[in-house]
Amino acid sequence: DTAVSQTPKYLVTQMGNDKSIKCEQNLGHDTMYWYKQDSKKFLKIMFSYNNKELIINETVPNRFSPKSPDKAHLNLHINSLELGDSAVYFCASSPPGLAGEEQFFGPGTRLTVL
Amino acid sequence: TQLLEQSPQFLSIQEGENLTVYCNSSSVFSSLQWYRQEPGEGPVLLVTVVTGGEVKKLKRLTFQFGDARKDSSLHITAAQPGDTGLYLCAGEVRGTDKLIFGTGTRLQVFP
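Note that this is a predicted model, so its numbers are computed, not measured. (Residues numbered from 1 in each chain as written. Chains lettered and ligands numbered in written order. Predicted model: local features only at pLDDT ≥ 70, side-chain atom pairs only at ≥ 80, totals over all residues. Heavy atoms only, no water.)

Draft legend 1. The arrangement of the layout of surface pockets in detail. The space that makes up the largest pocket amounts to roughly 320 Å³. Contributing to the lining of the largest pocket are 20 residues, with Lys-41 of chain A together with Gln-37, Glu-38, Pro-39 and Gly-40 of chain B lying nearest its centre. Elements with a contribution of two residues or more to the lining of the largest pocket: β9 (87–94) and β11 (109–113) of chain A together with β9 (85–92) and β11 (105–110) of chain B. (1 Å grid on protein atoms, 1.4 Å probe; cavity = no way out; pocket = protein on both sides within 12 Å on 5 of 7 lines; lining within 4 Å. Points joined across faces, edges and corners; volume = space filled by probe spheres on them. Helix = DSSP H or I, 4+ residues; strand = E, 2+ residues; numbered from the N terminus.)

Structure, rendered in structure tokens:
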């Protein structure tokens, strides 16, 4: 069984379009995240949700809107896509706890904006 | 701005060689994690170190957390082709669930 799954795996779209990426975790975790990994493999946190509530928003443009319908899902909607949005987007989840809880990552969604 | 610098950025070695990857910051972290990422996949946790000066071993991999909890190192003994991948350190910001990821080290081990 896949622990953290994302769809789609690949997304190619034109500049200006609106697109969504879906994420689901079946680990029973309370916290979910979205990360962006650029072409240099630098992984940067974008958002974090705990029990459907936004707890981290890392100065991401408001064209990016995360939505958590329940604690097992965290979707990412992107409006008016720009060339600079091209990257691999990773969803992750972690259990509640003290310092150092492992984050479980999905397989990533490679977004290419043309 | 918290930043974790990893060195080297790229490393190509022959099977059987030893190597060390460094992860440095001016910030103090509650804990530090090391992940390995293979092409087309998400990062997978290797180890978490929490206490300053802590050393953890995972088979041929040895991880150390600096005494001041600002830096860490990963040492691989007798590297194998299966060790090839992107190694990422990640520091946990105190009092949050937020991880700051390092700049990454791409390791290639040739048979």
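Draft legend 2. Layout of unusual backbone geometry. That bond from Thr-7 of chain A to Pro-8 of chain A is cis: its omega, -5 degrees, falls within 30 degrees of zero. Assignment of secondary structure puts Pro-8 of chain A in the loop between β1 (4–7) and β2 (10–13). Of the consecutive residues Ser-7 of chain B and Pro-8 of chain B, the connecting peptide bond is found in the cis state with omega at -5 degrees. Looking at the element boundaries, Pro-8 of chain B is found in the loop between β1 (5–7) and β2 (10–14). Even without being a glycine, Lys-52 of chain A presents a positive backbone phi close to 75 degrees. Using a relative accessible area of 46% as the deciding quantity, one classes Lys-52 of chain A as partly exposed. Not every positive phi belongs to a glycine, and Ala-78 of chain B is a case in point at roughly 50 degrees. Topologically, Ala-78 of chain B is positioned in the loop between β8 (71–76) and β9. (Buried < 20%, exposed > 50% of the residue type's maximum accessible area, 1.4 Å probe, protein only.)

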